[in-house]
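One letter stands for each residue in the lines below.
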Amino acid sequence: MVIGLTVVAIATSAPEFAVTVSAAFRGQSSISVGNIVGSDIFNLGFILAFVAIVSPVAISKILLKRDGALLLGTGFLLLIFFYDLTLSTYEGIILAAILIFYVYKLVTGKEEIDDEEIPEGEFTLWDIPKFIIGVALIIVSANYLVDAATEIAKVLGVSDWLIGITIVAAGTSMPELATSVVAVAKKKHAISAGNLIGSDLFNMLGVLGTASIIKPLSIVQTEYTSLILMVGMLFALIIMMRTGWKISRTEGILLFLFALIRWGFDFLF
């Protein structure tokens, strides 16, 4: 679970980071924030729903009380910070600081490992160029993605926000989908749930925090309403995690429907 919340979550959040920061540099705040809100919806409303529909996802108490609570708390914190429709540099620093403290507590904390082997790492010199090449490809593809999304928005006559919360968000969430499918196949549901919750935490704290430190992010009132709906979805998820300490198939279907309704709101307004 800790691996899913940290190493896997950071890796699968790399596209969101690259796209959001790239859009922030260009002054396209709607794509920056819309990408994160949309990715969180996609991760929890579609991917986690898919995992739960395939097989109910067991929820540990520590995942709910520590990570789930922080996820919901971060959602409310974003509502407070964005109340004036702007995420300032100072507020971004606060978000980033919370993430650093959270990761520190995860890495240094002690918790029971339920009869699960901890794999030994096998580092080779080839890992360094692979890492550099991987990061470079992500940065380059992020710029192409933002350019393409902007042009699509112009052709369709829709807002940057709608493109960011749908097409861009779905695209940057593909690593989370791939990771979760593999985790389900290997019956490592804790990694799957931890990866999705961890990715959303990194998106809201790390990605938005970093982007707003680079350049304050601004949204409009309808986009703020979309943030409120996202927090409502997080609240519903926490309730589902607590009922029976699992996310059942029925709850997975409800999450999926909630996500469709959420996207429907942005298409209508």
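Residues numbered from 1 in each chain as written. Predicted model: local features only at pLDDT ≥ 70, side-chain atom pairs only at ≥ 80, totals over all residues. Heavy atoms only, no water.

## Regarding the overall build of the protein chain
From N to C terminus, the protein chain includes 11 helices and 4 strands. A buried classification covers 48% of the 269 residues belonging to the protein chain. Taken as a whole, the protein chain presents about 13100 Å² of accessible surface, with 71% of it coming from carbon and sulfur. (Helix = DSSP H or I, 4+ residues; strand = E, 2+ residues; numbered from the N terminus. Buried < 20%, exposed > 50% of the residue type's maximum accessible area, 1.4 Å probe, protein only. Areas by Shrake-Rupley, 256 points an atom, 1.4 Å probe, with all protein chains shown as cover.)

## Here we look at the packing of helix H10 (residues 221-242) against helix H11 (residues 249-268)
Between H10 and H11, the shortest axis-to-axis distance is 10 Å and the interhelical angle comes to 175°. Regarding the angle of H10 to H11, the classification is roughly antiparallel. Only Glu251, Leu254, Leu255, Phe258, Ala259, Arg262, Phe265 and Asp266 of H11 make contact with H10, whose side of the interface consists of Thr222, Thr225, Ser226, Leu229, Met230, Gly232, Met233, Leu237 and Met240. Of the residues that constitute the contact of H10 with H11, the class distribution is 10 nonpolar, 4 polar and 3 charged. (Axes fitted to C-alpha atoms, helices over the stretch in contact; angles between N-to-C directions. Parallel < 35°, antiparallel > 145°, perpendicular 65-115°, else oblique. Contact = heavy atoms within 4.5 Å. Nonpolar A, V, L, I, M, F, W, Y, C, P; charged D, E, K, R; others polar.)

## A word on the packing of helix H3 (residues 29-54) against H11
Two elements in contact, H3 and H11, have axes separated by 7 Å at closest approach and are oriented at 155°. With respect to H11, the axis of H3 lies roughly antiparallel. Crossing of H3 against H11: the hand is left-handed. Where H3 approaches H11, its residues Val37, Ile41, Phe42, Leu44, Gly45, Phe46, Leu48, Ala49, Ala52, Ile53 and Val54 are matched on the opposing element by Arg249, Gly252, Ile253, Leu255, Phe256, Ala259, Leu260, Arg262 and Trp263. (Left-handed = near helix turned anticlockwise from the far one by under 90°.)

## Considering the nonpolar core
General note: in soluble globular proteins, nonpolar side chains tend to be found buried as a group. If you look at the biggest cluster of nonpolar residues, it comprises 60 residues, and the most contacted ones within it are Met241 and Ile247. Here this core takes 12 residues from H3, the largest share from any one element. Residues Ala23, Ile31, Val146 and Ala149 belong to the second largest nonpolar core, which totals 8 residues. (Core = buried A, V, L, I, M, F, W, Y, C linked by side-chain atoms within 4.5 Å.)

## Looking at the side chain of Ser30
Examined against the element boundaries, Ser30 turns out to sit in helix H3. Judged by its relative accessible area of 19%, Ser30 is buried. In this structure the side chain of Ser30 is engaged in a polar contact, spanning 3.2 Å, whose partner is the side chain of Glu223. Setting aside residues no more than four positions away along its own chain, Ser30 makes contact with Asn35, Asp160, Trp161, Ser218 and Glu223. (Polar contact = N/O pair within 3.5 Å; in protein donor to acceptor, adjacent residues only side chain to side chain.)

## Some thoughts on a nonpolar patch on the surface
A cluster of nonpolar side chains, namely Ile53, Ile253, Leu254, Phe256, Leu257 and Leu260, defines an oily patch on the protein surface of about 500 Å² accessible area. Take the nonpolar patch: its biggest share by element is 5 residues, from H11. (Patch = residues over 30% accessible without salt bridge, like charges linked within 9 Å, V, L, I, M, F, W, Y side chains within 5 Å. Salt bridge = Lys/Arg side-chain N within 4 Å of Asp/Glu carboxyl O.)

## A word on the packing of aromatic side chains
Summed over the entire model, instances satisfying the criterion amount to 5 aromatic pairs. For the ring pair Phe46 and Phe256, a centre distance of 5.3 Å and an interplane angle of 80° mean the geometry is edge-to-face. Linking Phe46 in helix H3 with Phe256 in helix H11, this pair joins segments that are 210 residues apart in sequence. Overall, the relative accessible area of 34% leaves Phe256 in the partly exposed class. (Phe/Tyr/Trp six-rings, centres within 6.5 Å; stacked < 30°, edge-to-face > 60°.)

## Quick word on helix H4 (residues 61-81)
Taking 1.5 Å per residue as the helical rise, H4 with its 21 residues ought to reach 30 Å, and the 29 Å between its terminal C-alpha atoms agrees with that figure. Of all the bends in H4, the greatest measures close to 30° and is centred on Gly68. Residues of H4 that are buried include every one of Leu63, Leu64, Asp67, Gly68, Leu71, Leu72, Thr74, Gly75, Leu78, Leu79 and Phe81, and no others. (Expected span 1.5 Å × (residues − 1). Bend = angle between axes of the 7 residues up to and from the residue.)

## As for unusual backbone geometry
Of note in this structure, Leu85 is not a glycine but carries a positive phi near 65°. Looking at the secondary structure, you find Leu85 in the loop between H4 and strand S2 (86-87). At Trp245, a position not held by glycine, the phi torsion is positive, near 50°. For Trp245, the location among the structural elements is in the loop between H10 and strand S4 (246-247). Taking the relative accessible area as the measure of exposure, Trp245 reaches 22% and is therefore partly exposed.

## A short note on the confidence of the model for the protein chain
On average, residues of the protein chain score 84 in pLDDT, and 90% of them are at 70 or above. Element-level mean pLDDT values for the protein chain span from 70 in helix H1 (residues 2-12) up to 95 in S2. Below pLDDT 50 for its whole length, residues 112-116 participates in 2 contacts with residues either more than four positions away or in separate chains. (pLDDT = per-residue confidence, 0-100.)

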